[in-house]
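These are the residues of each chain, in order.
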Amino acid sequence: MKFRARVLFLVFFFAQLMPALAQKEDNGYRLWLKYDKIEDENYLEVCRGQIKTINISGDNPILLTAQKELKTGLDGLLKVDLRIKVSSIAIEGSVIAGTPASNTLFKSKMFAAGLKGLPKDSYLIKTVKSGSGTYTVVAANNDAGVLYGVFNLLRLLQTHAPLQHINVVGSPKIQWRTLDHWDNPDGTIERGYAGKSLWKWDELPDAIDTRYTDYARANASIGINAVVLNNVNASSQMLDKVYLEKVAVLANVFRAYGIRVLLSANVAAPKSLGKLSTADPLDAGVQQWWKNKIADIYRLIPDFGGFLVKANSEGQPGPKDYGRTHADGANMLADALAPYNGVVMWRAFVYSVDSTDRARQAYNEFAGLDGKFRKNVLLQIKNGPLDFQPREPFSPLFGAMPNTTQMMELQITQEYTGYANHLVYLAMLFKEALDTDTHAKGGGSTIGKVIDGSLQGQRITGIAGVANTGADTNWTRHPFAQANWYAFGRLAWDHDLTAKQIAIEWINSTLTNDTAAVRIILSMMMPSREALVNYETPLGLTVLCGLHDVPAPWTRMYYHRADSVGLGFNRTTTGSNAVAQYFKPLQDTLNNIETCPENLLAWFHHVPWDHRMQSGREFWDELCFKYYSGVDHVRTMQDNWSTLSGKIDKTTFDKVTQLLIKQEDEAVWWRDACLWYFAKYSRKPIPQQYEAPRYPNGRKKAD
């Protein structure tokens, strides 16, 4: 074992011998919903003085869920046993929650104006003066809005927000806020790194795991309202009656939390399940089979959301097998779902092995179909044109299909970002994608505005995140991977939130409210995504991996095109011309090596080894600098985390300490493997100021 690893191991070992100075140990199961007693005595006194009773009425399952959550949360945070008083009269010191339909108080002039015009799922939280005292209101026009408002009120207490003058309006910018699970019927998860699937298909429908409720509760707390239960590489088995009865049980659990269930559908199901001779979407028999199947589903699940479809990609069947278009396939399903208000989320992830430039293919296949999809079809587009890389330019489809509903697909699970072994705060990646300007309608045409409908007027809006949850006790394996689940939900609700704001919320709710500790943890999280880009794929490089987490650039010549001249994929007008798929003036900016953003340089250009960078360094030296700086940040995270012993619960502290040791070693491996390989083409040495490689031949071996 190398010297630094030995030192870190000893720090970790002796930390076990120290007295337990931290908070009580926590296994991570409660996520950000811990509701432990507020430790700031002054703030606790204010809260207890303002909140003495709970008033929430209604027998709707969602309102009953809100009532239970409000009592659980307030009892835990305030360490009291609050009484529930159901009344249409405002009582001093009470938290009153409901809708105009559940409580006549909200029909009064005082609240009618505030609620008027609030969209579905929105809420109002307000401190109201009542004589010499006050009461707190959580009001909405629909039951789910009340539940979201209750969760936000509890979040305000967890983050120690001032309660004396609350006046908060929360409104989701996007309608379908969806988690996509890549779970299989056999319990495995494709790209899952936190254990087996949450769904125990072999036990359903008879045994209902309490974890299903806890999962739904966590999602509702951050505004997620839709869940796709199974892998996009779908098995037709999921549409069989036996499995649909199991799905119905999950739908019943999730319904009380305002969550609708969807399924990934295999478009060849009429053949494999229905025994038809074809799955041609224009065949009358196929169309009738789907109508019958969908009717069966809605009899079991009245609020079924619809289908997610991956077609004609990576070997999956699709309409092109029969000479039809993606629009033909999507519209056939959409027509069958329309009477039930169901939707089709049709993935735009397509590529062929022999493609000249994979980054061009989705645009080539879909842009010409603009306006040909039904209104209840959402085209689900990955944030980048390739495949969930640590950094990519945005997919040029965003904004290029103004007559088609476009939703974004982000990846929460860490397929290319460390397999849940690395601390990588992905809100930075999510925000980068959402805030990127497409220039579809001039400056300010961000992807966020494309998918929320404000730019091009789409009436149905959506966003999806590929889930990182599994059966591990703490749900996500790495404790900090919980922050990525949390951040996706918060950004799905409001993409204008900042990554820093979301990080602080998560830290306060999950780890600590200690100001100094929060500052240290923020210093780890905020640069962590850029650090990973630097030690894996800096300066626009991409897909340098073997098995997605193993550095193997020698197997990926297609993507990096290294030679004696330079490094990178020429996508300019002299290369694959992928730049032509972007709007001007961005197209011209990307096409010019002098104006192309340096963090995407090797994506769009074959960069000469001696190209002068903005830092003044040549490209090769800049590449070395990036790889070494990425490793340096991981080591800084280790040092900073070690200072939090006694300030973070011991279980979490120990787990993160172990994982940071692993992350440092793997970051060094990535650095050494890539620089060793690229040095053979550049014929340039690694500058002398850097440490010697730990893995000088690029291959990892036992110490």
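Our subject is the structure listed above.
Residues numbered from 1 in each chain as written. Predicted model: local features only at pLDDT ≥ 70, side-chain atom pairs only at ≥ 80, totals over all residues. Heavy atoms only, no water.

## Some details on the side chain of Lys 431
Along the chain, the position of Lys 431 falls in helix α12 (residues 427-435). Within polar-contact distance, the side chain of Lys 431 engages the backbone oxygen of Leu 497 at 2.9 Å. Dropping the residues within four chain positions of it, Lys 431 is found in contact with Leu 491, His 495, Asp 496, Leu 497, Thr 498 and Ala 499. (Helix = DSSP H or I, 4+ residues; strand = E, 2+ residues; numbered from the N terminus. Polar contact = N/O pair within 3.5 Å; in protein donor to acceptor, adjacent residues only side chain to side chain. Contact = heavy atoms within 4.5 Å.)

## Side note on helix α10 (residues 326-337)
Here α10 is 12 residues long and its end C-alpha atoms lie 17 Å apart, about the 16 Å a rise of 1.5 Å per residue gives. Counting buried residues along α10, 10 of its 12 residues qualify, which places the element largely inside the surrounding structure. For α10, the full list of buried residues reads His 326, Ala 327, Gly 329, Ala 330, Asn 331, Met 332, Leu 333, Ala 334, Ala 336 and Leu 337. The backbone nitrogen of Ala 327 has a side-chain oxygen 3.3 Å away, supplied by the residue at the start of α10, namely Thr 325. (Expected span 1.5 Å × (residues − 1). Buried < 20%, exposed > 50% of the residue type's maximum accessible area, 1.4 Å probe, protein only.)

## Quick notes on the environment of Val 565
In this structure, Val 565 sits in the loop between α18 (557-560) and β15 (566-567). Dropping the residues within four chain positions of it, Val 565 is found in contact with His 606, Val 607, Pro 608 and Trp 609.

## Structural notes on the environment of Ser 445
By secondary structure assignment, the location of Ser 445 is in the loop between α12 and α13 (447-451). Once the C-alpha coordinates of Ser 445 and Phe 398 are considered, the two residues, 47 residues apart in sequence, prove to be 9.8 Å apart. The residues contacting Ser 445, other than those within four sequence positions of it, are Thr 436, Asp 437, Thr 438, His 439, Ala 440 and Leu 455. A distance of 2.9 Å separates the side chain of Ser 445 from the backbone nitrogen of Lys 441, its partner in a polar contact.

## Let's talk about a negative patch on the surface
Taken together, the side chains of Glu 39, Asp 40, Glu 41 and Glu 45 present a region of like negative charge at the surface. Relative to the helices and strands, Glu 45 resides in helix α2 (residues 41-50). (Patch = residues over 30% accessible without salt bridge, like charges linked within 9 Å, V, L, I, M, F, W, Y side chains within 5 Å. Areas by Shrake-Rupley, 256 points an atom, 1.4 Å probe, with all protein chains shown as cover. Salt bridge = Lys/Arg side-chain N within 4 Å of Asp/Glu carboxyl O. Lys, Arg positive; Asp, Glu negative; His and termini not counted. Charge placed at Lys NZ, Arg CZ, Asp CG, Glu CD.)

## Digging into the sheet that holds strand β13 (residues 405-411)
As summarised here, the arrangement of the 8 strands in space is β7-β8-β9-β10-β11-β12-β13-β14, forming a closed barrel in which the pairing is parallel. Within the sheet, the average angular offset between the axes of one strand and its neighbour, ignoring direction, is 25°. As defined by bridge partners, strand β11 (residues 343-347) adjoins strand β12 (residues 377-382) across 4 bridges and the pair is classed as parallel. Looking across to β12, one finds that Trp 346 is bridged to Leu 379. Strands β10 (306-309), β11 and β12 of the sheet are contacted by α10, whose axis makes an angle of about 160° with β11. (Pairing = 2+ DSSP bridges. Axes fitted to C-alpha atoms, helices over the stretch in contact; angles between N-to-C directions.)

## Considerations on helix α3 (residues 61-78)
Between its first and last C-alpha atoms α3 spans 26 Å; for 18 residues at 1.5 Å apiece the expected length is 26 Å, and the two agree. Extensive coverage of α3 is indicated by the burial of 13 of its 18 residues. Regarding α3, its N-cap is Asn 60, as a side-chain oxygen of that residue lies 2.8 Å from the backbone nitrogen of Ile 62 further along. Positive phi appears at Lys 79, one or two residues downstream of α3, with a value of about 50°.

## Observations concerning the pattern of salt bridges
On inspection of all chains with the given rule, the structure shows 39 salt bridges. With its nearest N and O atoms 2.9 Å apart, the salt bridge here joins Glu 505 to Arg 490. Note that Glu 505 is positioned in helix α15 (residues 499-510) and Arg 490 in helix α14 (residues 482-493), a separation of 15 residues in sequence. Across the pair, Arg 490 and Glu 505 agree in class, each one buried. Arg 635 serves as the salt-bridge partner of Glu 664, at 2.9 Å between the closest nitrogen and oxygen. Taken together, the residues Glu 664 in helix α22 (residues 650-682) and Arg 635 in helix α21 (residues 619-642) connect sequence positions 29 residues apart. Residues Glu 664 and Arg 635 agree in their burial class; the two are buried. A cluster of three or more residues bridged by salt bridges with shared partners is formed by Arg 635, Glu 664, Asp 665, Arg 671, Asp 672, Glu 691, Arg 694 and Lys 700.

## Observations concerning the packing of aromatic side chains
Evaluation of the coordinates by the stated rule reveals 34 aromatic pairs. The interplanar angle of 50° and the centroid separation of 5.7 Å between the aromatic rings of Tyr 215 and Phe 254 together place this pair among those described as tilted. Placement of Tyr 215 in helix α6 (residues 210-221) and of Phe 254 in helix α7 (residues 241-255) is noted, with a sequence separation of 39 residues between them. Both residues of the pair, Tyr 215 and Phe 254, belong to the buried class. (Phe/Tyr/Trp six-rings, centres within 6.5 Å; stacked < 30°, edge-to-face > 60°.)

## Some thoughts on the packing of helix α9 (residues 284-300) against α10
Running from N to C, α9 and α10 point in directions that differ by 45°, and their axes come no closer than 9 Å. Here α10 runs oblique to α9, going by the angle between their axes. The two elements α9 and α10 meet at a crossing, and its hand is right-handed. Packed against α9, whose contacting residues are Val 286, Gln 287, Trp 290, Lys 291, Ile 294 and Tyr 298, the element α10 presents Met 332, Leu 333, Ala 336 and Leu 337 at the interface. (Parallel < 35°, antiparallel > 145°, perpendicular 65-115°, else oblique. Left-handed = near helix turned anticlockwise from the far one by under 90°.)

## Remarks on unusual backbone geometry
Note the cis peptide between Leu 204 and Pro 205, where omega equals 5°. Lys 584 connects to Pro 585 through a cis peptide bond whose omega is 5°. Within the fold, Pro 585 resides in the loop between β15 and α19 (586-591). One non-glycine residue with positive phi stands out, namely Phe 388, at about 55°. Considering the arrangement of structural elements, one finds Phe 388 in the loop between β12 and β13. Assessed through its relative accessible area of 5%, Phe 388 is described here as buried. Despite not being glycine, His 439 has its phi angle at roughly 65°, a positive value. Note on placement: His 439 falls in the loop between α12 and α13.

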